Amino acid sequence: MSKFIFDFDKSKSKEEMKKIHEIENIADVKLHDIKNYLFKDFLPSIDREDILGVTDKLDDLVDGIDEIAIDIDIYD
């Protein structure tokens, strides 16, 4: 991501954005996997809500990175 921002090259931006978006999609799948595991199998010593809060914040972070990449490409 830092290469995308600090060494921005419009000719390579679509390729870099694709990579970032793929990472965001993988993170979404992992988030769903964690939630499914928590609700079906896991009996944690900490509250499920705390784990869900962390995973939701991580998802927000990865979504934000994806959105920033799109904005950088749009505004060149």
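In this text the structure is predicted, and so the values were computed from the model without any measurement. (Residues numbered from 1 in each chain as written. Predicted model: local features only at pLDDT ≥ 70, side-chain atom pairs only at ≥ 80, totals over all residues. Heavy atoms only, no water.)

Enquirer: Just checking my understanding: could you explain the nonpolar core for this structure?
Expert: Nonpolar side chains tend to gather and get buried jointly when the protein is soluble and globular. In terms of nonpolar packing, the biggest core is built from five residues, these being F4, M17, I20, A69 and I72. With near-sequence residues (within four places) excluded, I72 lies in contact with F4, I5 and F8. (Core = buried A, V, L, I, M, F, W, Y, C linked by side-chain atoms within 4.5 Å. Buried < 20%, exposed > 50% of the residue type's maximum accessible area, 1.4 Å probe, protein only. Contact = heavy atoms within 4.5 Å.)

Enquirer: Sorry, what's going on with the environment of I5 here?
Expert: As for its placement among the helices and strands, I5 is situated in helix 1 (residues 2-6). Residue class for I5 comes out partly exposed when judged on its relative accessible area of 37%. Through-space distance from the C-alpha of I5 to that of I68 is 9.3 Å; in sequence the pair is 63 residues apart. (Helix = DSSP H or I, 4+ residues; strand = E, 2+ residues; numbered from the N terminus.)

Enquirer: Explanation requested: the confidence of the model for the protein in the structure shown.
Expert: Caution applies to low-pLDDT regions: their predicted coordinates should not be interpreted in detail. The pLDDT averaged across the protein works out to 84; a share of 93% of its residues lies at or above 70. Looking over the protein, one finds the lowest element-wise mean pLDDT in helix 1, namely 70, and the highest in helix 3 (residues 48-75), namely 88. (pLDDT = per-residue confidence, 0-100.)

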